Amino acid sequence: MTDPTRPRGPRIIAIANQKGGVGKTTTTINLGAALAQAGQRVLIVDLDPQGNASTGLGIEADNREYTTYELLLEEIALGEVIQSTNDDNLMIIPATVDLSSADIELISNEKRSYLLHDALRQTEMDSYALDYVLIDCPPSLNLLTVNAMVAAHSVLVPLQSEFFALEGLSQLMLTVREVRQTANPNLRIEGIVLTMFDSRNNLSGQVEKDARDNLGELVFKTRIPRNVRVSEAPSYAVSVLEYDPNSRGAEAYRALATEIMQKNAAIAA
Ligand code: ADP
Ligand code: MG
């Protein structure tokens, strides 16, 4: 139920999977770009010390004076950390390797799990009129990922279509359950998206069947195909939607954005 006296804030989605290389950053960038092209105002939060989302969207390393690190640990204002991209509807808070020490620096902080939650709920947020915030999580279930889950309304899980893909999922779901029991009882699963899908490969089909049998409706209809245009786009510092709008990868991310907008329209109704 939405409170009519309060403007409805953006939907905050943590993109998480403790495995590296499964398509978190790729999904964050391209889903963000697809939502932005559909007219939604989107903020990407780079919460990975590797800063791949920042690089992939063209934020040069020497243009990252204020980053997620300062936002979390120095309570710097949002206006200082949010940067624009090629698309007026798409913004980003970049990250650098500085963030890798945050996990340890935060241990003694009483509010350690709530820092991103609080940062994204500053009143200044309203002035950006955002529809979506996408958080690109590090490949770990550490305090940064917990911050993302505490701040978020939902978790979107990219699942690479390969052997053992489902095994890591139970650990992730355990963390989601812990966050629900403590800081964020309303945390939902936005959905599980099959990434790097190869329809000519039997294994991809098997992973899809297992995922749909076990997780049912949680698995998005859209599958992201393995597509070389998707992997090339970041080296041109643009999304695949901009790099090659007619590629199968671009098409898939537009379809995923449509599914998410439809789901969220249904939730808001
Ligand atoms: P993560 O953020 O989970 O570590 P990435 O998004 O960085 O994973 O993806 C890992 C690698 O796989 C990157 O080199 C990326 O370009 C590539 N990749 C991701 N999705 C696709 C895809 N659909 N087709 C081809 N390559 C992909
Ligand atoms: Mg990544």
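Below or above, wherever it landed, is the structure these notes cover. Everything numeric in this text was worked out from a predicted model, so none of it was measured.

Reading across the sheet, the eight strands line up as β3-β4-β2-β5-β1-β6-β7-β8 and stay open at both edges, with mixed pairing between neighbours. On the outer flanks of this sheet lie β3 (83-84) and β8 (219-225), each paired with one strand and no other. In terms of strand pairing, strand β1 (residues 11-15) meets strand β6 (residues 154-160) through three bridges, oriented parallel. Looking at the pairing, A14 lines up with V155 of β6. The sheet contacts of helix α1 (residues 24-37) involve β1, β2 (42-46), β4 (90-93), β5 (132-136), β6 and β7 (188-197), and relative to β5 the element is tilted by about 165 degrees. Each of β1, β7 and β8 touches helix α12 (residues 248-268); the most contacted strand, β8, lies at about 165 degrees to it.

Glancing now at the site of ligand 1. As a structural note, the neighbourhood of ligand 1 is formed by 17 residues, with K24, T25, T26, V230 and S231 the closest of them. Among the secondary structure elements, those contributing two or more residues to the shell around ligand 1 are α1, β7 and α10 (228-232). At three residues, the largest contribution of residues to the shell around ligand 1 is made by α1. Residues that form the shell around ligand 1 fall into these classes: five nonpolar, ten polar and two charged.

Reading the values: the criteria
- Numbering of residues starts from 1 in each chain and follows the order in which that chain's sequence is written.
- Chains carry letters and ligands carry numbers; both start at the beginning, A for chains and 1 for ligands, and go up in the order they are written.
- Reporting in this predicted model follows two pLDDT cut-offs: at least 70 for local features of residues, and 80 or more for side-chain atom pairs to be given and counted; totals over whole chains, interfaces and linings ignore these cut-offs and use all residues.
- When DSSP locates at least two bridges between a pair of strands, those strands are taken to pair.
- Secondary structure elements follow DSSP: runs of H or I of four or more residues count as helices, runs of E of two or more count as strands, with numbering from the N terminus.
- Two residues qualify as being in contact provided that their C-beta atoms, derived from the backbone, are within 7 Å of each other.
- Interaxial angles span 0 to 180 degrees and are taken between N-to-C directions of axes, which are lines fitted to C-alpha atoms, for helices over the stretch in contact.
- Any residue whose C-beta atom, as placed from the backbone, lies within 6 Å of a molecule or strand is termed near it.
- Think of it as three bins: nonpolar holds Ala, Val, Leu, Ile, Met, Phe, Trp, Tyr, Cys and Pro, charged holds Asp, Glu, Lys and Arg, and polar takes everything else, Gly as well.

Everything listed here is a matter of coordinates, which is why it stays silent on function.
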